[in-house]
Amino acid sequence: MTVNTQLRQLPQIEALLGLPAIAALIAEFSRDEVVSALRLTLAKLRRTIVAGDAADLPDFAGHIFTTQIRDLITQGRRSNLRPVINATGIIIHTNLGRARLAPEAIQAMQDVAAHPTNLELNLRTGKRGSRYDHVEALICDLTGAQAAIVVNNCAAAVVLSLMGTAMGRKVVASRGELVEIGGSFRLPDVIAQSGAILKEVGATNKTRVSDYANAIDQDTAVLMKSHTSNFKIIGFTAAPDRRDLAKLAKDHDLILMEDLGSGVLIDLAPYGLTDEPVVADILKAGVDLVMFSGDKLLGGPQAGIIAGRADIITGLKSHPLLRALRIDKLSLAALEATLRLYRAPHDPLERIPVLKMVSEPVAQVQARAAALADMLEGLGAISVAPSAAYVGGGSLPQQDLQSYTVAVDRAGMTAQVLANALRGAPVPVIGRIHQDQLLLDIRTVTDADLPFIVDAIRQARPS
Ligand SMILES: *Cc1c(COP(=O)(O)O)cnc(C)c1O
């Protein structure tokens, strides 16, 4: 059949609308949605025919075509941004929205979303209040800081801290710590864009206190440390002790600041995570200002926290660009609720999902993997095996958490095809491919996720 003959056989939209099965779709959805789904489908067919690789035209009155149109309409009704299942084994996955929130934090967001709030009203005096007051005391209580302020994210926290303390002056930083976080957040560029002048010292693998000391001159304002979040230099290495740097900063009347990235409020060593220092200990060592994220190991919403010396924070609070970096009320509500879960009578390891996933005993993960394998019986070749999960979000790149995976093999589908199909499910499931096998890591999957995973695999078709 020639291309032209095939094109002529494509029906008009009006004709399709008269078919009983399509009329039923109009009754169920709306005429506009059906017309637009038909238009998309016919245009796609037309392109295939013109490209010369047309298969037979579908039976436009038949079940398969109608189902295709129905799927397209349902897809169109779904939000673009929507829940997925994280079966990657990376707990704080930046592409998957990082930390999921505790029920208390979700409730707090709902409350302030639905009602007017005292965001910037002091209820005691009736005068204007500050949005930053709602969490400052909590942060101070949990970290031992004199003062604190929260902004949009940790990147904003770093920018504000530098703008507020080192504009036009020198910031001394170690060559081994000038990191790129991802998404083009490179510390050297951020320092430059904040109006400060970067003075690099030391070597990639070794930097000593004397390197910092030798770099100090009358233009120096800040000594900066940064968490080498997503890499580790091993072997012949040295970095100065915080206490020594703190003494050096004090002797020269400089500010010692540290970009922590993740920032943990409780010791996670009992769960095998020994490389992540607790914020309170860092401040105790004499660091003047620390910056950390709200949605990494803290387990809250996107936010950036700056904690430390009161005189410096007071300056940041009146910075002319603070408003451009400020936190919104929904995040603020979720942050306050999350921080409260770190205090009695709560147990943060029980209530905060990120910490719960980090600390869950591996036997429990294994039991959940076995339960999923049982539920998947008959849907392919299923196997359970030990694996390594990671905290993610730039924390602890080399420390893994024991976990279990469920591997799924479907006859006639490669791992890649199966992964694509699971991403296309109504609740998309995101796993990882290892040696041509699709693996679902169960440390990041909850009991409530399991039925959705089963549905996604049952409905998986090559497309
Ligand atoms: C993640 C990270 C940041 C950026 O934090 P956001 O909250 O994503 O802005 C900054 N510095 C370090 C060291 C990080 O790990």
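Relevant structure appears above.
Note that the structure is a prediction, hence the values are computed from the model and not measured. Residue indices begin from 1 for each chain and proceed along its sequence in written order. Only residues with pLDDT of at least 70 are given local features in this predicted model, and only at 80 or more are side-chain atom pairs given and counted; all residues enter the totals for whole chains, interfaces and linings. Values shown for side chains rest on all heavy atoms present in the structure; no hydrogens or waters enter the calculation.

J.: Would you mind going over the packing of helix 6 (residues 103-114) against helix 14 (residues 329-340) in detail, with residue names and values included?
T.: Relative placement of two packed helices is described by the angle separating their axes and the distance separating the axes. At a closest axis distance of 8 Å, the pairing of helix 6 and helix 14 adopts a crossing angle of 145 degrees. Judged by the twist between their axes, the crossing of helix 6 over helix 14 is right-handed. For the pair formed by helix 6 and helix 14, the contact residues are Glu104, Ala105, Ala108, Met109, Val112 and Ala113 on the first element and Lys329, Leu330, Ala333, Ala334, Ala337 and Thr338 on the second. Taken together, the residues that form the contact of helix 6 with helix 14 break down as nine nonpolar, one polar and two charged. Axes, fitted as lines to C-alpha atoms, cover a helix only where it is in contact. Angles between the N-to-C directions of the axes lie from 0 to 180 degrees. Secondary structure is summarised from DSSP: a helix means a run of H or I of at least four residues, a strand means a run of E of at least two, and numbering begins at the N terminus for each. In this scheme the crossing of two helices becomes right-handed for a clockwise turn of the near helix relative to the far one and left-handed for an anticlockwise turn of less than a right angle. Note on definitions: a residue-residue contact is assigned when non-hydrogen atoms from the two residues lie within 4.5 Å. For this scheme, ten residues count as nonpolar: Ala, Val, Leu, Ile, Met, Phe, Trp, Tyr, Cys and Pro. Four count as charged, namely Asp, Glu, Lys and Arg, and the remainder, Gly too, count as polar.

J.: How would you sum up the pattern of salt bridges? Please name residues and give values.
T.: For side chains of opposite charge, pairing can occur when their charged atoms come near one another. Here a salt bridge means any side-chain nitrogen of Lys or Arg lying within 4 Å of a carboxyl oxygen belonging to Asp or Glu. Applying the stated rule across the entire model yields 22 salt bridges. Taking the shortest distance from any N to any O, the salt bridge between Glu177 and Lys225 comes out at 3.0 Å. Here the residue Glu177 occupies a position in the loop between strand 4 (170-174) and helix 9 (187-193), and Lys225 occupies one in strand 6 (residues 220-226), the gap between them amounting to 48 residues. Each member of the pair, Glu177 together with Lys225, is buried. Among the ionic pairs, Asp441 bridges to Arg432, the shortest N-O distance being 3.2 Å. The cut-offs for exposure are 20% and 50% of the maximum accessible area for each residue type, with area from a 1.4 Å probe on protein chains only; residues under the lower value are buried, those over the upper are exposed, and the others partly exposed. Relative accessible area serves as the criterion here: at 0%, Asp441 is assigned to the buried category. Residue classification places Arg432 among the partly exposed residues on the basis of a relative accessible area of 25%. Salt bridges here are not isolated pairs; linked through shared partners, they connect Glu120, Arg128 and Arg131.

J.: I'd like a rundown of the packing of aromatic side chains, residues and numbers included.
T.: Ring pairs shown here join Phe, Tyr and Trp side chains whose ring centres sit within 6.5 Å, with only the six-membered ring taken for Trp; geometry is labelled stacked below 30 degrees between planes, edge-to-face above 60, and tilted in between. Summed over all chains, the structure comprises one aromatic pair. Judged by centre distance (5.0 Å) and plane angle (80 degrees), the rings of Phe60 and Phe65 are edge-to-face. In terms of burial, Phe60 and Phe65 fall into one category: buried.

J.: Please provide a residue-by-residue account of the packing of helix 3 (residues 20-28) against helix 4 (residues 31-50), values included.
T.: Put simply, helix 3 and helix 4 touch, their axes get as near as 7 Å, and they point 130 degrees apart. Judged by the inter-axis angle, helix 3 sits oblique to helix 4. Contacts between helix 3 and helix 4 involve Ile22, Leu25 and Ile26 from the first element and Arg31, Val34 and Leu38 from the second. A per-class count over the contact of helix 3 with helix 4 returns five nonpolar, no polar and one charged. Angle categories: roughly parallel below 35 degrees, roughly antiparallel above 145, roughly perpendicular from 65 to 115, and oblique for all the rest.

J.: Can you explain unusual backbone geometry? Please cite residues and give values.
T.: Across the junction of Ala344 and Pro345, the peptide omega takes the value 5 degrees, indicating a cis bond. Looking at the secondary structure, you find Pro345 in the loop between helix 14 and helix 15 (348-351). Positive phi, close to 60 degrees, is recorded for Asp436, a residue that is not glycine. Asp436 gets classed as exposed once you look at its relative accessible area, which sits at 69%.

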